[in-house]
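Structural overview
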Amino acid sequence: MWSRKKKQVSVEIPIARTVPGQFHLRSNSTSEGIAALAVSIRTHGLLYPILVTGGPKRYELIAGLRRLHACRRLGWKKIPANILTVSPEQAAEVSLLENLHRQELSEADRIRAIALLLSRWSTGSALRLMRRLGVEESDVEASLRLGSLSPIVKESLRAGLIHVEEALVVDALDNRESEKALIKKIHQERETNHKASGTSQSPRPVDRAQEQSDAQERFKPKPRVSTDSPQAGPKASSATPDAPSELSGASLLESTEAMIQTYRDEAKIDFDTAERVVSTIIRNLKRSNREVLHLDRDIKQDGSYLPQHTLNVTRLAIYTGVVQGRSDSELRLLGLGSMFHDIGMAQVPPTILAKSGPLSQPELETIRKHATSAHAAVSTQRKMEKPVLDMIIQHHERVDGSGYPKGLRGNDLSDMSHSITIIDTYVAMISRRDYRRSFYPSAAMEMIMHDAFRGQYDKKAFQDFLSALSLYPIGSHIQLSGGEIARVVGSNPSDPNRPIVDVLTDTARHCLPKPVKVNLLNELDCKVLKAVAEDELANLMTAAAN
C-alpha cells in the first residue's frame, strides 16, 4: 500500500485549477450546509487541507469537496492542499477510504463507498482492508445487494427519498410504476409526519435504535453445539484471496452477452468465454454463496433476456451442484450445459420471442427447434462431454413424456438434465417480462413442486433444488412467527423450512435501521409463518413510513 507520508506535499493551490474527482460520495450536501461550513472556515480557518493529485495546471480532488465549495463561496483564490503522488487507481482508493472515515456520511453514501471499493479491489483484499477500517459485515452485504437495485430505486435512495432497508423491499415490487408510486407515497407521508411534528428534515424516529437493539437481542447468536451443523450453502474455501472476483455479476453478464452475440452473428460457439464464466462462478461459490442470492428478475425484450436468463440458470445450477456435493469436474459440466442449453434461442426471430399473444403452430415449431439446433452447433464445433450435450437436447423433456423434442421419459433423461429442466423453468417463472408479470419465488417453487408430484419432474432432482434454495427461495420475503418481516438470503439443505434470513422489521413491522441476520435453524422458537406477497410488502412500507 502507498505511504502518504512519503508521497504528499502540502502547498496552496489555485482553486480555479482544482476539479472534483469521480469518486466523491456525499450525495446530501446542501447549499445551507456549504454556507454553514463557509462561516466556520471564515471564523476558524481551514483546519484540514484538501487532498488532490496532479498539477500544476490541473489538480484532481481526492477528498474535501465541501471544503472546496465553501472556500470558493468565500472568494478564496487559493486553498491549502496535500498533493499525493499516486496512480489514478490509487487516487480512487484513497478517495473511498478517506470518505469511509467521515462520520457524517449518510447510510446510502457509506454503502455506496463500500460498493465502489469492492469494484476496485479484489474481494479478498477489499474485505481485509475494510476489516482494518472497522467496516461492518452487514454494510458490505448491503452494498452487494444494492448493486442489483433498479435505476429508479437507486436514484430515490441517493436522493434521500427512501432509506436503505426500504429500498431493498421496494425493489421487490413487480414493476417500475409500482415502485414509483410507493416511493412517492413513502416520501409524502414521511414529509407530512415531519411537518406535523414541527421538523423540516427527515430523521428516523427516535425509537429506531431501540427497535434495532430489541431485534438483535431477540435473535442473539447462540453457541453452536457442533461444528458440523448445516451451513447456508457451500462453505468458504481456501481460494486465493486476491483472485479476480465477479460478485457484482456485471462482468459475468457482459461475457455471457458477448458469447450469445457471437453465436447470433456468426453461428459460432465461443467455448472459451463459456469456460471463463463457469470457472468464475464456481470460484466465487467456493468462497461465498452471495454470488447467486439475488438473481436479475427485471428482464426486458431488448435482446437482454437470453443472456440474463442463461446466466441466472447457470448460477443456480452450479449452486445446486455445490450444495449436492458435486466434484469440480461435475460442476464444470453442469455449468457448461447451463451456458449452452438455450443458445439456440439466439437464432429465433425477435418478433416471435416478443410476441405477447398465443403463438401460431409454425412459430411454436420454430421455437422448439432451438434445442436441436444448439445441440448440433455445440457437438459439431468441438468435442464436448456427453452430459453437456444431454442437458442441451433434453432441457425441455419431461419425466412423463410430455416434453420435446423427442418425448423422452423417466430414466431416458440424464441426471443433470433432470436438474436443468427444473432450474430453467424456475428462472423463467420468476423473471419479469414486458408482456407478463413474474411469479413470486415462493409461488413458482410451489407450482414446480406440484408438477413434480404430478410426475412432470424428477422428484429427487426437485428435492435437491428445494434443499439448495429452501421452500422460500433466496430473494423472497417471509413473515416470521413473531410478526417480523424478513428477506431470505440463504438456505439450510437439512431443513428447507428454516432458511437464513435478514430480519427487516421489528414485531410491529417497523423497518429496522439495519437488517439482522438470523439462521432459523438455530432459532427453535421462531418459524416461518407465511410467504409475503408483493402487495403486502407495499402495505408494509407504507405503514413503516407513518
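The preceding data block contains the structure.
Residues numbered from 1 in each chain as written. Predicted model: local features only at pLDDT ≥ 70, side-chain atom pairs only at ≥ 80, totals over all residues. Heavy atoms only, no water.

1. A short note on the overall build of the protein chain
Quick note on the threshold: For helices the rule is a DSSP run of H or I covering at least 4 residues; for strands it is a run of E covering at least 2, with both sets numbered from the N terminus onward. Throughout this description, buried means an accessible area under 20% of the type-specific maximum (1.4 Å probe, protein chains only), exposed means over 50%, and partly exposed covers the range between. Contact criterion: two residues are considered in contact whenever any of their non-hydrogen atoms come within 4.5 Å of each other. Exposure was quantified through the Shrake-Rupley algorithm and a 1.4 Å probe, taking into account, for residues, occlusion by the shown protein chains and nothing else.
Summing up its helical and strand segments, the protein chain has 23 helices and 10 strands in all. Of all 546 residues assigned to the protein chain, the portion counted as buried reaches 51%. Restricting to contacts in the protein chain with at least 6 residues of sequence separation, those with at least 24 account for 69%. As displayed, the protein chain has an accessible area near 25200 Å², and 52% of this comes from carbon and sulfur atoms.

2. Topic: the nonpolar core
Put simply, the test is: Here the nonpolar core consists of buried residues drawn from Ala, Val, Leu, Ile, Met, Phe, Trp, Tyr and Cys, with membership extended through side-chain atoms lying within 4.5 Å.
Among the nonpolar cores identified, the biggest contains 75 residues, and Phe340 and Tyr426 are the most heavily contacted of them. Ignoring anything within four residues of it in the chain, the contact list for Tyr426 reads Leu316, Pro441, Ala444, Met445, Ile448, Phe465, Leu469 and Pro473. Counting residues in each nonpolar core, the second largest holds 17 residues, with Ile41, Leu46, Ile50 and Ile79 among its members.

3. So, the pattern of salt bridges
Inclusion rule: Just to be clear on terms, a salt bridge is a Lys or Arg side-chain nitrogen sitting within 4 Å of an Asp or Glu carboxyl oxygen.
By the definition in use, this model includes 10 salt bridges. One salt bridge connects Arg326 with Glu330, and the closest N-O pair in it is separated by 3.9 Å. According to the relative accessible area criterion, Arg326 is buried, its value standing at 12%. Given the relative accessible area of 30%, Glu330 is considered partly exposed. Between Lys517 and Asp502 there is a salt bridge, with the nearest N and O atoms lying 3.0 Å from each other. With Lys517 in strand β9 (residues 511-519) and Asp502 in strand β8 (residues 500-505), this pair connects stretches of sequence that are 15 residues apart. Judged by its relative accessible area of 36%, Lys517 is partly exposed.

4. A short note on the packing of aromatic side chains
Two numbers describe a pair of aromatic rings. These are the distance of the centres and the angle of the planes. Where we set the bar: Each pair of aromatic rings taken from Phe, Tyr and Trp, with Trp reduced to its six-membered ring, is defined by centres within 6.5 Å and is described as stacked if the planes are under 30 degrees apart, edge-to-face if over 60, and tilted in the remaining cases.
Across all of its chains, the model carries 2 aromatic pairs by this definition. Aromatic side chains Phe271 and Phe340 sit 5.5 Å apart centroid to centroid with 75° between the ring planes, which places their arrangement in the edge-to-face category. On the criterion of sequence distance, the pair formed by Phe271 in helix α13 (residues 271-287) and Phe340 in helix α15 (residues 328-340) is long-range, its members being 69 residues apart. Here the two residues Phe271 and Phe340 agree in accessibility, since each one is buried. When the centroid spacing of 5.3 Å and the interplanar angle of 70° are considered together, the rings of Tyr426 and Phe465 count as edge-to-face. Of this pair, Tyr426 sits in helix α20 (residues 415-430) while Phe465 sits in helix α22 (residues 459-469); the two residues are 39 residues apart in sequence, bridging distant segments of the chain. Tyr426 gets classed as buried once you look at its relative accessible area, which sits at 1%. Judged by relative accessible area, which is 1%, Phe465 ranks as buried.

5. Structural notes on the environment of Ser373
Heads up, the rule is: Pairing of N or O atoms within 3.5 Å defines a polar contact, subject to two protein rules: one partner must be a possible hydrogen donor and the other a possible acceptor, and residues neighboring in sequence count only if both atoms are side-chain atoms.
Structurally, Ser373 is set in helix α18 (residues 370-381). Along the primary structure Ser373 and Gly344 are separated by 29 residues, whereas in three dimensions their C-alpha atoms are 5.8 Å apart. Look past the residues within four positions of Ser373 in its chain and what remains in contact with it is Tyr263 and Gly344. Separated by 3.1 Å, the side chain of Ser373 and the backbone oxygen of His370 make a polar contact.

6. Topic: the pairing of strand β4 (residues 59-63)
Quick note on the threshold: Paired strands, in this sense, are two strands between which DSSP finds at least two bridges.
Of all 5 residues in β4, 4 are buried; the element is thus mostly enclosed. Hairpin remark: strand β3 (residues 50-54) followed by β4, antiparallel, with 4 residues in the connecting loop; positive phi at Gly55, about 100°.

7. Focus: the environment of Asp390
Looking at the secondary structure, you find Asp390 in helix α19 (residues 386-394). Relative accessible area serves as the criterion here: at 13%, Asp390 is assigned to the buried category. A sequence separation of 23 residues divides Asp390 from Leu413, and the C-alpha atoms of the two residues are 7.8 Å apart. Excluding its chain neighbours within four sequence positions, the residues that come into contact with Asp390 are Ser414 and Ser417.

8. Overview of helix α21 (residues 441-454)
Heads up, the rule is: To estimate how far a helix should extend, the number of its residues minus one is multiplied by 1.5 Å.
With 14 residues, α21 extends 20 Å from end C-alpha to end C-alpha; this agrees with the ideal 20 Å at 1.5 Å per step. Where α21 is concerned, the buried positions are Pro441, Ser442, Ala444, Met445, Ile448, Asp451 and Ala452. Check the buried side of α21 and you find it contacts α20, α22 and β10 (528-531). Downstream of α21 by one or two residues, Gly455 has phi in the positive range, about 105°.

9. Here we look at the pairing of strand β6 (residues 477-480)
Taking every second residue as pointing to the same face, both faces of β6 are buried, with His477 and Gln479 on one and Ile478 and Leu480 on the other. In the sheet, β6 pairs with strand β7 (residues 485-490) via 3 bridges, with the strands oriented antiparallel. By the bridge assignment, Gln479 is partnered in β7 with Ile485. From the end of β6 to the start of β7, which pair antiparallel, there are 4 residues, and Gly483 there has a positive phi angle of about 105°.

10. Looking at the sheet that holds β6
Either a parallel or an antiparallel arrangement is found when strands of a sheet pair, and the pairing is made through backbone hydrogen bonds. The line we're drawing: Only C-alpha atoms enter the line fits that serve as axes; for helices the fit covers just the stretch in contact. Angles between N-to-C directions range over 0 to 180 degrees.
The antiparallel open sheet is built from 5 strands, whose spatial order is β9-β8-β7-β6-β10. The strands lining the two open edges of the sheet, one partner per strand, are β9 and β10. When strand polarity is set aside, the average angle formed by the axes of neighbouring strands in this sheet is 35°.

11. So, unusual backbone geometry
The omega angle of the peptide bond from Tyr404 to Pro405 is 15°, so this bond is cis rather than trans. With respect to the element layout, Pro405 can be found in the loop between α19 and α20. The phi angle at Ala267 is positive, at roughly 55°, despite the residue not being glycine. Along the polypeptide, Ala267 turns up in the loop between α12 (250-266) and α13.

This is a description of form; function is not addressed.
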